[in-house]
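Summary of structural features
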Amino acid sequence: MEPSTRRPHTRSRHRSILRSLAGTLAGVLAATALVTGAAVGAAPPASAAPPGERDVTAVLFQWTWTSVARECTSTLGPAGYAYVQVSPPQEHVRGSQWWTSYQPVSYRIESKLGNRAQFAAMVSTCRSAGVEVIADTVINHMSGAPGGGTGYAGSPFQYYSYPGIYSDADFNGCRRDIADYRNRWEVQNCNLVGLADLATGSQYVRGRIATYMNDLIALGVRGFRIDAAKHMPAADVADIVSRLSDPSVYIVQEVIGAAGEPITPAEYTGIGDVHEFNYGRQLKRVFTGGDRLANLRTFGATWGLLPSDRAGVFVDNHDTERNFETLTEADGAAYTLANVFMLAWPYGAPAVHSGYATNGDYNKGAPQSSSGAVLDATCYTNGWRCQHDWREIRNMVGFRNAAGTAATSQWWDNGSNQIAFGRGDQAYLALNGEGTALSRTFTTSLPAGVYCDVMSGDYDPTARSCSGSTVTVAANGTFSANVAARSALAIHAGAMLDGTTPPPPGDARISFGVEATTQWGRSIRVVGSTAALGTWSPAAGVALSSATYPVWRAEVAMPPGTRVEYKYVRVDGNGGVTWESGANRVATVPASGVLTLSDTWRS
Ligand code: LAG
Ligand code: CA
C-alpha cells in the first residue's frame, strides 16, 4: 500500500458510529478510540480509513433539493448510505429535457432542481442524517445552444460567451465536434456534442472552476462527480482539484474506458476514484446469460478492471440506462440481483442509481411544472422508481456496512447460476440466478444465532425483530434454507435477533492486561511506541480499568499487524509515575479481532 497522503481524494470512508457502538466492546473501546483519535488527529482524513466504514452512494438523479433532503432523513440515513449524489446544481439552459442540467450557463446555484437556499438546506439536512452530499459538476464545457439565450435563472448568454464568467478566449480553439475518439487531442480540445469546450489548460479557467467547486464546499458538499473528465487532460483535472479548499473531499471522475482509445481511466486514478464502466457492462453480460454467475468468483481487477480502491462502480447510471449499455430498472430480477451482488461484493465504491421511468423517451425530463421547475419527487408516484429504497437494495447497504473490510469467504456455487459467499464472520449471501429454487445447507463463518433474512423483510434494530423470514445459524456455522428462483437470501451481524454480535471486522486490537496489586489511589496505565499508546508519554498512554482487580485491563484498537513495544506504569495520587522494570515488552496487533495479554507487573 502506498501512503494514503498521496491519494487524498479517494473515498473517505465514514466511520459507522452505530456499528462500533453496536459491538460488544462498548465503553472501553469508545474511550480508547478518543485517545487514539486525539493522538493522530492531524493525519489526513483518507489515511485514517479505519475499517467498518461506509462507502455506498445513492444517486438521486434529477431529484429536487427539497426532495433529496426529505429522502436523506426518511430513507438514506437510516439505511446507511454514506453519500447522496445530486444532479448538477448550477444554472443551465432552459428546456424540459433532463440533459439541460449538463449545459451550464452560469455557476449560480439556481436550477430546475431548486435554488441556493434549498440546496444549502438540503446539504445541512442530509449531513444531520449522516449522509454526505456529492455534487455532479459539469466543468469541461458550457452550453451547446449555438443561438445563445437566457439561462434558467435569467442569465443571458451566447455560445462561447457567458457574461461575467467566460468570454471567447476561455474556450479551446477547435470549435468543431469530436469525431475521432482515437485522437487524444481531439477528444480533449474539441466540442463534446456541440458543447462549448472550456480551455481547462488556462489559469483563469482553472481558477474559475475551482471557485465554483469551493462555493459548493462552503455549502457543505463533501464530494464531486466530475462530468466528462475524459474530455479534460488529467493534468488539468489534477490542477483544478489541487485548488480545492478541502483536500479531503471525495472525487469520482467520469472517464468512459473503451477499447482502442488512447485516453484510459488509469490516467486519472492518481487524482481520485474513477468510474469503472466495464463493471456495469460485465454485470449486464453475466446477469443476462452471457456468462455463469459462478464465474463471478474472481470478479474484480483480474477481469481487467481498475484497482478496487480506485473504482467507482454501478449497475447503471443515467446515461447507460438510456443507451442500454448496462442493465436498467426495466430488467426486473436481473437488475435487482445485480445490485444485490454489487453491494455484497468487496470491489470498488458502489453507487445505486435512482431515477424515473423514461418510457423509451431518451429526452424525457423529470415530471415538471409548466415553468420547467422539476416537481418534488414522491417514491413510486409519477414514474419515480426509487431503486435506492427497494427493500433488497436498501437492506444490502446495511449488509455492506456490516461486512466492512472483511474479505469474501466460504464461496460456493453449483457450477452454474447459483452462488453463495460470506464476508468473514459478518455476513453471508446466497444468490439464486436460476429458474428453480435452491434448497441447501450452507456453510458460513458466522457466529451461531438467529438472523433476519433482509431480502425477505426488514430488520428492526429497536425491537430486534424481523418482518421477513429468519435463518438459524448453528454452532458449526451451517444453516439450511430455501432460496426461491431468481432471488437472494442475505444475513449479517447488523440484523441478528438472537446470538452475540461479532466485533466489527478488522477492528484489530490488543487487550492489555496486567496483574498488579496497588495501594488505594494508585492506577496502572500502558504506555508504548505507537500513537495509540502515547508514544512513550505516560500522560498520553491508556488508563487500564480496575474492574477485574488485581488484573488491570483495557482494549486498544490499532492498525492490524503493527508491532508495538510497551510497558506498564503506575501512577500515584499526586501524579508521580513509576515504570515497571526490565526490557520493553513486545506484541503484534492481530489481523483482526482481539489479542488478549495477561502480563504480570515487574517491580
Ligand atoms: C456526460 N458525461 O461525460 C454526461 O454523463 C452526459 O449525460 C452528458 O450528455 C455529457 N457528458 C455532457 O455533459 C447529456 C446528454 C446529451 C446532451 C448533453 C448536453 O446525454 O444528449 O446533448 O447532455 O445537454 C444534447 C443533445 C445533443 C446536442 C447537445 C448540445 O442531445 O444532440 O448536441 O445537447 O445542444
Ligand atoms: Ca475539453
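Residues numbered from 1 in each chain as written. Chains lettered and ligands numbered in written order. Predicted model: local features only at pLDDT ≥ 70, side-chain atom pairs only at ≥ 80, totals over all residues. Heavy atoms only, no water.

1. Points about the coordination of the calcium ion (ligand 2)
Rule in force here: We call an atom a donor if it is N, O or S and sits within 2.8 Å of the metal, or 3.2 Å for Na, K and Ca. Water is not counted, so some sites may look partial. Each helix is a run of DSSP H or I of at least 4 residues and each strand a run of E of at least 2, with the numbering of both proceeding from the N terminus.
Around the calcium ion (ligand 2), the protein contributes the donor atoms Asn-140 (OD1), Gln-188 (O), Asp-197 (OD), Asp-197 (OD) and His-231 (O), which lie 2.3 to 2.6 Å from the metal centre. The sequence motif formed by the donor residues of the calcium ion (ligand 2) is N-x47-Q-x8-D-x33-H. Residue Asn-140 is found in the loop between strand E5 (132-137) and strand E6 (149-150), and its partner Asp-197 is found in the loop between helix H6 (184-189) and helix H7 (203-218); the two are separated by 57 residues along the sequence.

2. A look at the state of the cysteines
Throughout this description, disulfide means a covalent bond between two cysteine sulfur atoms. The cut-off we apply is this: Cysteine sulfur atoms that pair up within 2.5 Å are treated as a disulfide.
A complete count under the given rule lists four disulfides for this structure. Put simply, Cys-174 and Cys-190 are joined by a disulfide, and their sulfur atoms are 2.0 Å apart. Sign of the S-S torsion, about 90 degrees for the bond between Cys-174 and Cys-190, identifies this disulfide as right-handed. Of this pair, Cys-174 sits in the loop between strand E7 (156-157) and H6 while Cys-190 sits in the loop between H6 and H7, and the two are 16 residues apart along the sequence.

3. Focus: the sheet that holds strand E17 (residues 449-452)
Applicable threshold: Strand pairing requires that DSSP identify at least two bridges connecting the strands. Note on definitions: angles span 0 to 180 degrees between N-to-C directions of axes, and those axes are lines fitted to C-alpha atoms, for helices only across the stretch in contact.
Reading across the sheet, the three strands line up as E20-E17-E23 and stay open at both edges, with antiparallel pairing between neighbours. In the strand order of this sheet, the two ends are held by strand E20 (470-473) and strand E23 (496-499), each with one partner. With strand direction ignored, the average angle separating the axes of adjacent strands in the sheet is 15 degrees. Note that E17 and E23 share three bridges and pair antiparallel.

4. Structural notes on the pairing of strand E25 (residues 523-528)
In the case of a regular strand, side chains alternate between the two sheet surfaces. The cut-off we apply is this: Burial classes: relative accessible area under 20% of the type maximum marks a residue as buried, over 50% as exposed, and values in between as partly exposed (1.4 Å probe, protein chains only).
Most of E25 sits inside the fold, with five of its six residues counted as buried. In this sheet, strand E29 (residues 563-571) lies alongside E25 in antiparallel orientation, the contact comprising six bridges. Across the sheet, Gly-528 pairs through a bridge with Tyr-566, a residue of E29. Pairing of E25 with strand E26 (residues 542-543) involves two bridges; the strand directions are antiparallel. Residue pairing in the sheet places Val-526 in a bridge with Val-542 of E26.

5. With respect to the environment of Val-105
The criterion, for reference: Here, two residues are considered to be in contact whenever any of their heavy atoms come within 4.5 Å of each other.
Residue placement: Val-105 occurs in the loop between strand E4 (83-86) and helix H5 (116-128). Between the C-alpha atom of Val-105 and that of Gly-149, which follows or precedes it by 44 residues, the distance is 9.4 Å. Setting aside its immediate chain neighbours within four residues, Val-105 contacts Glu-91, His-92, Val-93, Met-142, Ser-143, Gly-151, Phe-157, Tyr-162 and Ile-165.

6. Some words on the packing of aromatic side chains
Put simply, the test is: In summary, the pairing rule links any two rings of Phe, Tyr or Trp, Trp by its six-membered ring, whose centres are within 6.5 Å, and it sorts them by plane angle into stacked for under 30 degrees, edge-to-face for over 60 and tilted for everything else. Working rule: Lys NZ or Arg CZ, within 6 Å of ring centre, within 35 degrees of ring normal, means a charge sits over the ring.
Evaluated as defined, the whole model comprises 36 aromatic pairs. Centre to centre, the rings of Tyr-160 and Phe-171 are 5.5 Å apart; their planes meet at 75 degrees, and the pair counts as edge-to-face. Linking Tyr-160 in the loop between E7 and H6 with Phe-171 in the loop between E7 and H6, this pair joins segments that are 11 residues apart in sequence. Phe-171 carries the same exposure label as Tyr-160, and that label is buried. Taken together, a centroid distance of 5.5 Å and an interplanar angle of 75 degrees make the contact between Tyr-356 and Trp-384 edge-to-face. Linking Tyr-356 in the loop between strand E12 (349-354) and helix H12 (391-403) with Trp-384 in the loop between E12 and H12, this pair joins segments that are 28 residues apart in sequence. Residue Tyr-356 is classed as buried on the basis of its relative accessible area, which comes to 2%. Classification of Trp-384 by relative accessible area gives buried; the value is 2%. The residue whose ring lies beneath Arg-175 is Tyr-160, and the NZ or CZ to ring-centre distance is 4.1 Å. The positively charged end of Arg-322 is found above the aromatic ring belonging to Trp-98, 5.0 Å away from the centroid.

7. Observations concerning the site of ligand 1
Threshold: The cutoff for a nearby residue is simple: one of its non-hydrogen atoms must lie within 4 Å of the molecule or strand. Under the rule applied, a polar contact is a pair of N or O atoms within 3.5 Å (in protein, one hydrogen donor and one hydrogen acceptor; residues adjacent in sequence only if both atoms are side-chain atoms). Here the open area of atoms and residues is found with the Shrake-Rupley method and a 1.4 Å probe, where only the protein chains shown may cover a residue. As a working rule, the residues Ala, Val, Leu, Ile, Met, Phe, Trp, Tyr, Cys and Pro are called nonpolar, Asp, Glu, Lys and Arg charged, and the rest polar, with Gly in that last group.
Taken together, the neighbourhood of ligand 1 is formed by 16 residues, with Trp-99, Val-193, Glu-254, Asp-319 and Tyr-362 sitting nearest. The contact in question runs from an oxygen atom of ligand 1 to an N or O atom on the backbone of Val-193, over 2.8 Å. Between ligand 1 and Asp-319 there is a distance of 2.4 Å, counted from an oxygen atom to a side-chain nitrogen or oxygen. Taken by itself ligand 1 offers 650 Å² of open surface, and the protein chains cover 78% of this. Residue classes in the shell around ligand 1 are distributed as eight nonpolar, four polar and four charged.

8. Points about the nonpolar core
Note that soluble globular proteins tend to have their nonpolar side chains buried in a common cluster. Where we set the bar: In plain words, nonpolar cores are sets of buried Ala, Val, Leu, Ile, Met, Phe, Trp, Tyr and Cys residues tied together by side-chain atoms within 4.5 Å. Domain boundaries shown here were taken from an automatic or database domain assignment.
One finds Phe-224 and Phe-287 to be the most contacted residues of the largest nonpolar core, which totals 122 residues. Per element, the largest residue contribution to this core is nine residues, and it comes from helix H11 (residues 333-344). For this core, the domains that each give at least three residues are domain 1 (11-277 + 300-315) and domain 2 (408-495). Setting aside chain neighbours within four positions, we find Phe-224 in contact with Ile-134, Ala-135, Thr-137, Met-213, Leu-216, Ile-217, Leu-244, Val-249, Tyr-250, Ile-251 and Val-252.

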